[in-house]
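# Tertiary structure, described
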Amino acid sequence: DVAPSRGLGDVYKRQGTTVAPNSRSTLDILSSQYEGTTKLFEGRGKVTTKVLKFEIRLPSVHEQKRLSISDSTPVYDILRLRNIDNEPYELDHSIMPLSVIQNLTEKIASGSIYTFIESTLGLKIGSSIRKITADVSRKNDQDYLKCTHNEPILQVSQTVHLSDGRPFEYSQTRHRYD
């Protein structure tokens with residue numbers, strides 16, 4: 001459960017209280033419950049995932065801020081193409097700290113990472129802070145989402161938190177306009 005505060009950050013309810021740094025802008029949307037793509041389309045279409053990149057590296061300054069981690073905390077850097085009924089749906093670029101999400105593999109990333117987080121790691125996914133913007137297609141969008149040059153793209157940038165308030169994912173997901 002998340003209650004926005006005034007200027008200090010976000011307050012997360014749990015045993016005790018945690019205040020996360022205020023990193024939101026007026027364009028960010030607070031969502032009290034977040035579900036992944038696999039769960040979202042459950043019973044409505046077959047979700048398949050192709051892992052385009054899976055590596056471990058150190059975070060950028062921007063990623064450190066979004067995930068509240070230090071420059072020495074390794075992160076997973078994952079790029080995945082998500083298809084619904086064999087049609088491109090989204091291009092998802094996720095950054096996750098190894099200190100929070102442990103033992104993630106490329107094989108797991110080719111399925112539902114959120115199911116792994118909840119079922120295998122026993123963690124509960126809580127809220128997300130999202131920013132939704134429009135962009136023109138880039139080379140990856142054209143290659144993987146079958147977009148034409150300058151076709152519009154919907155981009156969702158978000159930081160997703162566990163129910164205890166810890167940020168565990170910073171992602172940018174790009175969708176075809178249609």
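This is a predicted model, so every value here is computed, not measured. (Residues numbered from 1 in each chain as written. Predicted model: local features only at pLDDT ≥ 70, side-chain atom pairs only at ≥ 80, totals over all residues. Heavy atoms only, no water.)

Core analysis: the largest hydrophobic core is formed by 17 residues, its most contacted members being M96, I101, L104, I113, Y114, I117 and F168. Elements supplying a minimum of two residues to this core: β6 (75-84), α4 (113-120) and β9 (152-162). L79, L81, L145 and I153 belong to the second largest nonpolar core, which has 6 residues in total. (Core = buried A, V, L, I, M, F, W, Y, C linked by side-chain atoms within 4.5 Å. Buried < 20%, exposed > 50% of the residue type's maximum accessible area, 1.4 Å probe, protein only. Helix = DSSP H or I, 4+ residues; strand = E, 2+ residues; numbered from the N terminus.)

For the coordinates displayed, the defined rule picks out 2 aromatic pairs. Measuring from ring centre to ring centre gives 5.8 Å for F54 and Y76, while their planes differ by 45°; the resulting arrangement is tilted. On the criterion of sequence distance, the pair formed by F54 in strand β5 (residues 47-57) and Y76 in strand β6 is long-range, its members being 22 residues apart. We classify Y76 as buried; its relative accessible area is 3%. Ring plane angle 65° and centroid distance 5.7 Å describe the contact between Y114 and F168, whose orientation is recorded as edge-to-face. With Y114 in helix α4 and F168 in strand β10 (residues 167-176), this residue pair connects regions lying 54 residues apart in the sequence. Side by side, Y114 and F168 carry an identical accessibility label, which is buried. (Phe/Tyr/Trp six-rings, centres within 6.5 Å; stacked < 30°, edge-to-face > 60°.)

Of note in the backbone geometry, D85 takes a positive phi value of approximately 50° without being a glycine. Within the secondary structure layout, D85 lies in the loop between β6 and β7 (87-97). We note that N103 has phi near 65°; this positive angle belongs to a residue other than glycine. Looking at the element boundaries, N103 is found in the loop between β7 and α3 (106-109). Taking relative accessible area as the criterion, N103 reaches 61% and is therefore assigned exposed.

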